[in-house]
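Observations on the model geometry
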Amino acid sequence: MEKLVDPFHRAISYLRVSVTDRCDFRCVYCMAEHMTFLPKKELLTLEELDRMCSAFVRLGVEKLRITGGEPLVRRDILTFFRAMSRHLEAGALKELTLTTNGSQLERFAGDLASAGVRRVNVSLDTLDEAKFAQVTRWGRLPKVLRGIDAAQAAGLRVKINAVALKGFNEDELFPLLDWCASRDMDLTFIEVMPMGDLGGEDRLDQYWSLKDLRARLAGRFTLTDLAERTGGPARYVRIEETGQKVGFITPLTHNFCESCNRVRLTCTGELYMCLGQEDMADLRAPLRAHPGDDAALDLAIRAAIARKPKGHDFDYSRRRVDGTVSRHMSHTGG
Ligand code: SAM
Ligand code: SF4
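What comes next concerns the included structure. (Residues numbered from 1 in each chain as written. Chains lettered and ligands numbered in written order. Predicted model: local features only at pLDDT ≥ 70, side-chain atom pairs only at ≥ 80, totals over all residues. Heavy atoms only, no water.)

A short note on helix α6 (residues 173–182)
- Of the positions making up α6, those classed as buried are Leu173, Phe174, Leu176, Leu177, Trp179 and Cys180.
- Buried residues belonging to α6 abut α5 (141–153), β5 (157–164), β6 (186–191), α8 (210–220), β8 (234–239) and β9 (245–249).
- Looking at the residues trailing α6, positive phi occurs at Asp184, about 55°. (Buried < 20%, exposed > 50% of the residue type's maximum accessible area, 1.4 Å probe, protein only. Helix = DSSP H or I, 4+ residues; strand = E, 2+ residues; numbered from the N terminus. Contact = heavy atoms within 4.5 Å.)

The structure is reproduced here in structure tokens:
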């Protein structure tokens, strides 16, 4: 079967799937405190998610990242992970992974490992209990730390993702780094992005440029740029003094679009070809219209990939938030 290639000759090998818009946290940069979530009937069922992901795997997707919302709060989500493991066993899928806030990892780490998950990204912005409760509103740090322990005990490789927030975790740059090193975890910093209407949070006030963060690191350590590319917005350096790898996700200050290999599926079956653009394709309609036959779905996926844009329009450079996209991160799945 012909693989998915977009008009700019980029092979689409990576699908990020949001399996729910719900979450047990309310991080200030991601959600408003009082969110209205989608009615259940709008969501793809687990069987539909299976059909959808299997179609992408058939068309050449080799890496699936499950996200949300918080993927581990979706009821019976393990059934879905177990179903996807058949593609790992068949060799079509090279990696099945997830991004989580860690709150449910204590419960699920062992089963995720049994389903073939080898790595997990845990989002954690601070190691201070009070600050953690402040930034996540509903989250509790000790529970997340127990989740990370459980993941490592189950043999999962853990990477920490921290959103760089001005005046919030600037003072934790080195403590976070030391903590990750002591636990043999990679660390990636994410620049805050202009997503969604968060009800009064001023995003320019939250913005801490990773250029500045990197300069602070370079003030203490020798940094070597790594050639490693994942096809996404992450760039990596090695800290020569410790051997540690640190990532920077800078969708705003760098253009990474030329090597973009990914698309994003929402929990309602909308396919976003670019995180920074409004254009999307409804894949739920062709999926539901033909319950026993995926030909129409495959065609709809191909038609969507043929519309993948060259790049995104985020820009903070004029000190106002340009190219803002109105949907929430929890909708497109980070
Ligand atoms: N709930 C899971 C979690 O927090 O890891 C998965 C979904 S969450 C939307 C995925 C990632 O997006 C998290 O690392 C989170 O910190 C990040 N994120 C959310 N809102 C963001 C924003 N406005 N700018 C940058 N990153 C954001
Ligand atoms: Fe939930 Fe993740 Fe958004 Fe935080 S970043 S509110 S944990 S979906």
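Re the nonpolar core
- Grouped together as the largest cluster of nonpolar side chains are 99 residues, with contacts concentrated most on Leu15, Phe81, Ile160, Leu217 and Leu271.
- With seven residues, helix α1 (residues 46–58) is the single largest residue contributor to this core.
- For Leu271, the residues in contact, after removing those within four places along its chain, are Leu15, Phe56, Val263, Arg264, Leu265, Asp279, Met280, Ala281, Leu283, Ala304 and Ile305. (Core = buried A, V, L, I, M, F, W, Y, C linked by side-chain atoms within 4.5 Å.)

A word on the sheet that holds strand β12 (residues 280–282)
- In spatial order, the strands read β7-β8-β9-β6-β5-β4-β3-β2-β1-β10-β11-β12; together these 12 strands make up an open sheet with mixed pairing. Among the strands making up the open sheet, the edge pair consists of β7 (223–225) and β12. Across the sheet, the axes of successive neighbouring strands diverge by a mean angle of 25°, strand direction being ignored.
- Packed on one face of the sheet, α8 meets β5, β6, β7, β8 and β9 and runs near 160° to β9. (Pairing = 2+ DSSP bridges. Axes fitted to C-alpha atoms, helices over the stretch in contact; angles between N-to-C directions.)

Considering the side chain of Ser54
- Locating Ser54 in the fold gives a position in helix α1.
- On the accessibility criterion, Ser54 (10% relative accessible area) is buried.
- A polar atom in the side chain of Ser54 sits 3.1 Å from the side chain of Arg86.
- For Ser54, the contacting residues outside a window of four places in its chain are Met84, Arg86 and His87. (Polar contact = N/O pair within 3.5 Å; in protein donor to acceptor, adjacent residues only side chain to side chain.)

Overview of the packing of α1 against helix α10 (residues 295–305)
- Contact geometry for α1 and α10: axes closest at 10 Å, N-to-C directions at 65°. Crossing of α1 against α10: the hand is right-handed. For the pair α1 and α10, the contacting residues are Arg51, Met52, Ala55, Phe56 and Arg58 in the first and Leu297, Asp298 and Ile301 in the second.
- Within the contact of α1 with α10, the residues separate by chemical class into five nonpolar, no polar and three charged. (Left-handed = near helix turned anticlockwise from the far one by under 90°. Nonpolar A, V, L, I, M, F, W, Y, C, P; charged D, E, K, R; others polar.)

Some words on the site of ligand 1
- Taken together, the neighbourhood of ligand 1 is formed by 17 residues, with Tyr29, Gly69, Glu70, Ser123 and Met193 sitting nearest.
- Between ligand 1 and the protein, one listed contact pairs a nitrogen atom with a backbone N or O atom of Tyr29 at 3.0 Å.
- Within the backbone of Thr100, an N or O atom sits 3.2 Å from an oxygen atom of ligand 1.
- In isolation ligand 1 offers 550 Å² of accessible surface; the protein chains occlude 95% of this area.
- Taken together, the elements giving at least two residues each to the shell around ligand 1 come down to β3 (95–100) and β6.
- Per-class residue counts for the shell around ligand 1 are seven nonpolar, seven polar and three charged. (Near = heavy atom within 4 Å. Areas by Shrake-Rupley, 256 points an atom, 1.4 Å probe, with all protein chains shown as cover.)

Side note on the site of ligand 2
- Taken together, Cys23, Phe25, Cys27, Cys30, Met31, Gly69 and Asn101 are the residues near ligand 2.
- The residue inventory of the shell around ligand 2, partitioned by class, reads five nonpolar, two polar and no charged.

Some points on the packing of aromatic side chains
- Under the definition given, this model contains three aromatic pairs.
- On the numbers, 6.0 Å between centres and 90° between planes, the contact of Phe25 with Phe132 is edge-to-face. Taken together, the positions of Phe25 in the loop between β1 (14–18) and α1 and Phe132 in helix α4 (residues 129–136) put the pair 107 residues apart, joining distant regions of the chain.
- Across the ring face of Tyr14, the terminal group of Lys63 is positioned such that the distance to the ring centre comes to 4.8 Å.
- Sitting over the ring of Tyr236, Lys245 keeps its end group 4.6 Å from the ring centre. (Phe/Tyr/Trp six-rings, centres within 6.5 Å; stacked < 30°, edge-to-face > 60°. Lys NZ or Arg CZ within 6 Å of the ring centre and 35° of its normal.)

So, the pairing of β6
- Most of β6 sits inside the fold, with six of its six residues counted as buried.
- Burial along β6 is two-sided: Asp186, Thr188 and Ile190 facing one way and Leu187, Phe189 and Glu191 facing the other are all buried.
- In this sheet, β6 lies alongside β5 in parallel orientation, the contact comprising six bridges. Its bridge partner being in β6, Val163 is matched across the sheet by Ile190.
- In this view, the connection linking β5 to its parallel neighbour β6 by way of α6 has right-handed handedness.
- For β6 and β9, the ladder comprises four bridges, and the chain directions are parallel. Each bridged residue has a counterpart across the sheet, and for Thr188 the counterpart in β9 is Gly247. (Right-handed = clockwise from strand over helix to strand, strands pointing away.)

Remarks on the pattern of salt bridges
- Taken as a whole and judged by the stated rule, the model has 22 salt bridges.
- Between Asp294 and Arg58 there is a salt bridge, and its shortest N-O distance comes to 3.7 Å. In this pair, Asp294 is assigned in the loop between α9 (284–289) and α10 and Arg58 in helix α1, connecting sequence segments 236 residues apart.
- Where Arg216 meets Asp212, a salt bridge forms, and the shortest distance between an N and an O atom there is 3.2 Å. In this pair, Arg216 and Asp212 are both assigned in helix α8, four residues apart and thus about one turn of the helix distant.
- For Asp212, a relative accessible area of 33% gives the class partly exposed. (Salt bridge = Lys/Arg side-chain N within 4 Å of Asp/Glu carboxyl O.)

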